[in-house]
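As a plain string of letters, each chain reads:
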Amino acid sequence: MEFDLQKDLKSVLFSAEEIQARVKQLAQEVEETCAGDEVTVISIINGAMIFTADLIRRIRLPLRLDCIRASSYGDETRPTHAPKLLDSVRLDVEGRHVLLVDDILDTGNTLKTVRDEMLERNPASVRTCVLLDKKARRAVEFEADLVGFVIPDEFVVGYGLDFAERYRHLPCIGILKEENQSV
Ligand code: 5GP
Ligand code: MG
Ligand code: MG
């Protein structure tokens, strides 16, 4: 299915099929690293909601799900402020194996902030899984345990990733044309 909105993209980095194939492998990697234990998945929304939905439906382990809301972008294509956690996790994570799921790892500030906050709650372990990694943009030392794809320093949208809350529903991931990078 071609979305008309795809004309707003300069190029498609990953098709829906390529994403689904990689998500399937990532779910297997989660199963292997969790060795049969129950996993508490914390999805960093809004960006990670689509990825999380597809990922968890392929994880054949006991699993609990909660979300945490983080924001650092506003309506820009670069972070405008330090990540704010606008909400927190309600599930008890003490003694649990936690898997933090995010759409993209960029400066590293968001995942580092969320992981630090999780670690204060004495979980058994905290692992991180991101679909995309913009390695060149890291501002703090942070590596995810599981990475779907490493990408260049370009602003991408689709499959949960937005520009001003738009394009999240595209099934593919692509680079937004410059002329569409204003509200
Ligand atoms: P970090 O805190 O690592 O700089 O940024 C992580 C968050 O910034 C991601 O969860 C995502 O919401 C947003 N972000 C970073 N790069 C991009 C991008 O290329 N496109 C979009 N749509 N969001 C991005
Ligand atoms: Mg995000
Ligand atoms: Mg965003």
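Here, the structure is the one placed above.
These numbers were taken from a predicted model, which means no experiment stands behind them.

Draft legend 1. Molecular detail of the overall build of the chain. Regarding its fold elements, the chain presents three helices and nine strands. Helices and strands appear in the chain in the N-to-C order β-α-β-α-β-β-β-α-β-β-β-β. Computed over its C-alpha atoms, the radius of gyration of the chain comes to 16 Å, within 12% of the 16 Å expected for a compact globule of 183 residues. Scored against the burial criterion, the 183 residues of the chain give a buried share of 32%. Residue pairs in contact within the chain that sit at least 24 positions apart in sequence constitute 65% of those at least 6 positions apart.

Draft legend 2. Fine view of the sheet that holds strand β1 (residues 9–14). Taken together, the three strands give an open sheet; going across it, the order is β1-β9-β8, and neighbouring strands pair in antiparallel fashion. Each edge of the open sheet carries a strand with a single partner, namely β1 and β8 (156–157). Relative to strand β9 (residues 173–176), β1 runs antiparallel, the two sharing four bridges. Across the sheet, residue V12 finds its bridge partner in β9, namely G174.

Draft legend 3. Main features of the sheet that holds strand β3 (residues 63–71). Spatial ordering of the open sheet is given by β4-β3-β2-β5-β6-β7, a layout of six strands whose pairing is mixed. Two strands bound the open sheet, and with one partner strand each, they are β4 (84–85) and β7 (146–150). Both strand β2 (residues 39–45) and β3 contribute to a ladder of seven bridges, which runs parallel. Residue pairing in the sheet places V41 in a bridge with L65 of β3. Helix α1 (residues 16–34) rests against β2, β5 (97–105), β6 (125–133) and β7 of the sheet, and its axis sits at about 155° to β7. Sitting on the sheet, helix α2 (residues 49–56) touches β2, β3, β5 and β6, and the angle it makes with β2 is about 155°.

Draft legend 4. View of the site of ligand 1. The immediate surroundings of ligand 1 are formed by 20 residues, with G47, D106, T107, T110 and L161 found nearest. Looking at the shell around ligand 1, the elements that each hand over two or more residues are β5, α3 (109–119) and β8. Counting residues per element, the shell around ligand 1 draws most heavily on β5, at four residues. Along the lines of polarity and charge, the residues of the shell around ligand 1 split into ten nonpolar, six polar and four charged.

Draft legend 5. Focus on the environment of K134. With respect to the helices and strands, the residue K134 is situated in the loop between β6 and β7. Distance in space between the C-alpha atoms of K134 and L99 is 20 Å, their sequence separation being 35 residues. Beyond its immediate stretch of four places on either side in the chain, K134 contacts I104, L105, D106, I151 and D153.

Parameters at a glance
Residues numbered from 1 in each chain as written. Chains lettered and ligands numbered in written order. Predicted model: local features only at pLDDT ≥ 70, side-chain atom pairs only at ≥ 80, totals over all residues. Helix = DSSP H or I, 4+ residues; strand = E, 2+ residues; numbered from the N terminus. Rg over C-alpha atoms; globule rule 2.2 N^0.38 Å. Buried ≥ 20, exposed ≤ 12 C-beta atoms within 10 Å, placed from the backbone. Contact = placed C-beta atoms within 7 Å. Pairing = 2+ DSSP bridges. Axes fitted to C-alpha atoms, helices over the stretch in contact; angles between N-to-C directions. Near = placed C-beta within 6 Å. Nonpolar A, V, L, I, M, F, W, Y, C, P; charged D, E, K, R; others polar.

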